[in-house]
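# Architecture at a glance
The lines below spell out each chain.
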Amino acid sequence: MQNKDILEWFELYSDDIYHFLIYQLGSTDVEDLVQDVFIKAIKAIENFEAKASPKTWLFSIARNVAVDELRRIKRTRLKEMYFQAGKESSSSKTPEEILQLNEENRDIFLAIQSQKSNYRDVLILRGIKQLSVIEVSLILGWSENKVRSTYHRARKALLKDLGGYLNEE
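None of the values given here were measured: they were computed from a predicted structure.

Mapped onto the elements of the fold, V30 is located in the loop between helix 1 (3-25) and helix 2 (31-43). According to the relative accessible area criterion, V30 is buried, its value standing at 0%. Along the primary structure V30 and Y18 are separated by 12 residues, whereas in three dimensions their C-alpha atoms are 6.7 Å apart. Once residues lying within four places of it in the same chain are set aside, the contact partners of V30 are Y18, L21, I22 and L25.

In C-alpha cells, the structure reads:
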C-alpha cells in the first residue's frame, strides 16, 4: 500500500467520513477531523490488511477519532463548568446550525443524538451510511448477529422517540 492509495480513498470516502462525523459529534465543523482520519490512515497504512475494505478500515479510524473528540469536548466542558460555576454551559449546536437542517431532518438528527452510543453508531452506519452488516461488524468489532439485533433495537427505540414519525421498513 502506498500514500497514493490514501489519496484515492480520500476522493472516494471523504464525504462519507464527513457525514459520519457530523452525526457522531452533532456538529458540522468536522473538516479537521476528516483530515485527522486520513492522516492517521497514512501513518498506519503499513498495518492495513486487505482483509477489510478500505472503507470499513477508514470508518473504524473515524469512529476512534470521534470517540477521542467527544472525550476532548467532555473534558473541555467540565473545565468550563468548573471555571465558570453558575453560568449555563453553551449548547453543542448554535440556533443557526439547527435552523440549517430542515425540520424533519432536525427531528431525526436530535432523536439519533439522544440514543445511547451503541445505538447511535449502528443507526448511523447501517441506517444512514447504508453499510452492510459485515462492514458494520468490522468497524464496530461486533459479531454480525450483534449488529443485526442492536440495529433492530436501535430502530425500535428511534421510532418510539419519534412517535412513529418514520415508517417501519
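Resuming the write-up.
When the charged atoms of two side chains lie near each other, side chains of opposite charge can form a pair. Within the structure shown, the criterion is met by six salt bridges. Note that K55 is salt-bridged to D16, the shortest N-O span being 3.7 Å. Of this pair, K55 sits in helix 3 (residues 54-83) while D16 is found in helix 1, placing the two residues 39 residues apart along the sequence. Since its relative accessible area comes to 18%, K55 is described here as buried. Measuring nitrogen to oxygen at the nearest pair gives 3.5 Å for the salt bridge that ties E144 to R148.

Moving on, we get to the side chain of K129. Inspection of the secondary structure puts K129 in the loop between helix 6 (117-128) and helix 7 (133-140). Those residues in contact with K129 that lie beyond four places of it in its chain are D16, H19, F59 and I124.

Further remarks concern the packing of aromatic side chains. Inspection of the entire model under this criterion finds five aromatic pairs. Ring centres of W9 and F48 lie 5.2 Å apart, and the angle between their planes is 65°; on these two criteria the pair is classed as edge-to-face. Of this pair, W9 sits in helix 1 while F48 is found in the loop between helix 2 and helix 3, placing the two residues 39 residues apart along the sequence. Across the pair, exposure class does not vary: W9 and F48 are buried alike. Here the aromatic rings of W9 and W57 are separated by 6.0 Å at their centres, their planes lie at 75°, and the arrangement is edge-to-face. Taken together, the residues span a long stretch of sequence, with W9 in helix 1 and W57 in helix 3 at a distance of 48 residues. For the pair shown, W9 and W57 are each scored as buried. Ring pairs connect the aromatic residues W9, F48 and W57, which therefore count as one cluster. Over the ring of Y151 we find R126; its NZ or CZ atom is 5.4 Å from the centre of that ring. Positioned above the aromatic ring of W142 is the side chain of K146, whose terminal nitrogen or guanidinium carbon lies 4.6 Å from the ring centre.

Parameters at a glance
Here the residue numbers are simple positions, counted from 1 along each chain's written sequence. For a predicted model such as this one, the threshold for reporting local features is a pLDDT of at least 70, and the threshold for listing and counting side-chain atom pairs is 80 or more; totals across whole chains, interfaces and linings nevertheless cover every residue. With hydrogens and water excluded, all non-hydrogen atoms of the structure serve as input to the side-chain values. A run of DSSP states H or I qualifies as a helix once it reaches four residues; a run of E qualifies as a strand once it reaches two. Both are numbered from the N-terminal end. For every residue, the accessible area (1.4 Å probe, protein chains only) is compared with the maximum for its type, and the residue is labelled buried under 20%, exposed over 50%, or partly exposed between those bounds. Pairs of residues are marked as contacts when any of their non-hydrogen atoms sit within 4.5 Å. When a carboxyl oxygen of Asp or Glu is within 4 Å of a side-chain nitrogen of Lys or Arg, the pair counts as a salt bridge. The aromatic pairing rule takes the rings of Phe, Tyr and Trp, using the six-membered ring of Trp, and pairs them if the centres are within 6.5 Å, calling planes under 30 degrees apart stacked, those over 60 edge-to-face and the rest tilted. Two limits define a charge over a ring: the Lys NZ or Arg CZ must be within 6 Å of the ring centre, and within 35 degrees of the ring normal.

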